[in-house]
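A structural walkthrough
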Amino acid sequence: MPRLSEVIAALDALWPPERAEQWDAVGTVCGDPDATVTRVLFAVDPVHEIAEEALELGAELIVTHHPLYLRGTTTVAASTFKGRVVHTLIKHDIALHVAHTNADTADPGVSDALAGALDLRILGPLVPDPTDPAGRRGLGRICELDRPATLRDFAARVAHRLPATAQGVRLAGDPDAPVRTVAVSGGSGDGLFDRVRAAGVDAFLTADLRHHPASEATQQSPLGLVDAAHWATEWPWCEQAAAQLDEISDRHGWDLRVHVSKTVTDPWSAHHHSSGAPN
């Protein structure tokens with residue numbers, strides 16, 4: 001059985017922490033480097049439900065995409081919800097490791113997993129990493145559909161293939177417009193519109209699209225927008241990452257049991273279609 005430090009070294013080789021954005025908070029949040037690891041749980045969010053799931057599984061390590069403390073803190077008191085997570089983890093000898101923007105731009109990374117969930121053919125990164133001579137790393141992916149579809153049908157594919165959430169999937173643009181190429185970016189992507197327009201794709205799939213950037217994007221070009229829940233666009237990475245660790249475990253003879261949480265930690269819990277008319 002490997003020590004935590006050995007597993008973390010393998011994870012850091014997949015998603016080097018030095019490739020994270022400067023503002024990010026990646027790496028190991030808690031855990032004894034000399035502790036042994038037999039089970040690992042992958043999840044998007046380091047919330048208390050995930051800590052409880054790891055405890056029930058007997059997992060000694062949780063790997064999440066989102067950081068627990070992105071902006072720092074002055075307390076880990078159990079009276080705060082994040083402090084309660086820390087107390088639960090330490091009390092039960094469960095380590096927490098985070099791979100965030102260093103997993104976004106990896107090869108394969110978060111957007112590769114999103115594209116894979118939709119059976120899209122990846123043509124290259126949307127925002128290439130200039131330090132990668134192979135031109136494979138970077139933020140987002142430019143992709144091609146297996147066969148042309150309407151924007152409506154592509155959005156339906158997204159809704160069918162990604163995990164169900166209260167938000168579902170929204171689209172902006174002509175629902176009958178043909179879609180052959182798409183840009184995808186797991187997580188919040190409305191800061192990428194200039195790159196998406198420059199790529200000349202027919203549609204853009206991402207999450208957390210705001211009113212003004214989305215409105216301006218549809219006014220400037222016929223670009224179709226597909227807006228899914230943030231959690232849903234990043235969850236496929238958990239399966240991809242778990243498969244990567246499984247392969248490492250087999251190669252080293254670690255015999256790890258690797259799990260992917262299916263707990264929906266998207267914060268939105270219900271959805272009602274609007275039925276009122278403007279006054």
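Now for a quick tour of the structure. Just so we're clear, the structure is a prediction, and the values are computed from it rather than from any experiment.

Closest axis-to-axis distance for the helix 5 (residues 110-117)/helix 9 (residues 230-252) pair is 7 Å, and the angle between their directions is 95°. The orientation of helix 5 with respect to helix 9, classified from their angle, is roughly perpendicular. The residues of helix 9 that touch helix 5, namely those facing Val110, Asp112, Ala113, Leu114 and Ala117, are Thr233, Glu234, Pro236, Trp237 and Gln240. Considering only residue class, the contact of helix 5 with helix 9 consists of six nonpolar, two polar and two charged.

What follows deals with helix 6 (residues 151-161). Every buried residue belonging to helix 6 is among Leu151, Phe154, Ala155, Arg157 and Val158, and all of these are buried. Looking straight down helix 6, one finds that the buried residues subtend no more than 150° of arc, so they occupy a single side. Elements that come into contact with the buried residues of helix 6 comprise strand 6 (138-150), strand 7 (169-172), strand 8 (178-188), strand 9 (203-207) and strand 10 (224-228).

Let's shift gears to the packing of helix 2 (residues 48-57) against helix 3 (residues 81-91). Across the interface, helix 2 lies against helix 3 with an axial gap of 9 Å and an inter-helix angle of 10°. Taken as axis vectors, helix 2 and helix 3 run roughly parallel relative to one another. Contact residues: His48, Ala51 and Glu52 in helix 2; Arg84, Val85, Thr88 and Leu89 in helix 3. In terms of residue class, the contact of helix 2 with helix 3 is made up of three nonpolar, two polar and two charged.

What counts, and at which threshold
Residues numbered from 1 in each chain as written. Predicted model: local features only at pLDDT ≥ 70, side-chain atom pairs only at ≥ 80, totals over all residues. Heavy atoms only, no water. Axes fitted to C-alpha atoms, helices over the stretch in contact; angles between N-to-C directions. Helix = DSSP H or I, 4+ residues; strand = E, 2+ residues; numbered from the N terminus. Parallel < 35°, antiparallel > 145°, perpendicular 65-115°, else oblique. Contact = heavy atoms within 4.5 Å. Nonpolar A, V, L, I, M, F, W, Y, C, P; charged D, E, K, R; others polar. Buried < 20%, exposed > 50% of the residue type's maximum accessible area, 1.4 Å probe, protein only. Arc of directions from axis to C-beta.

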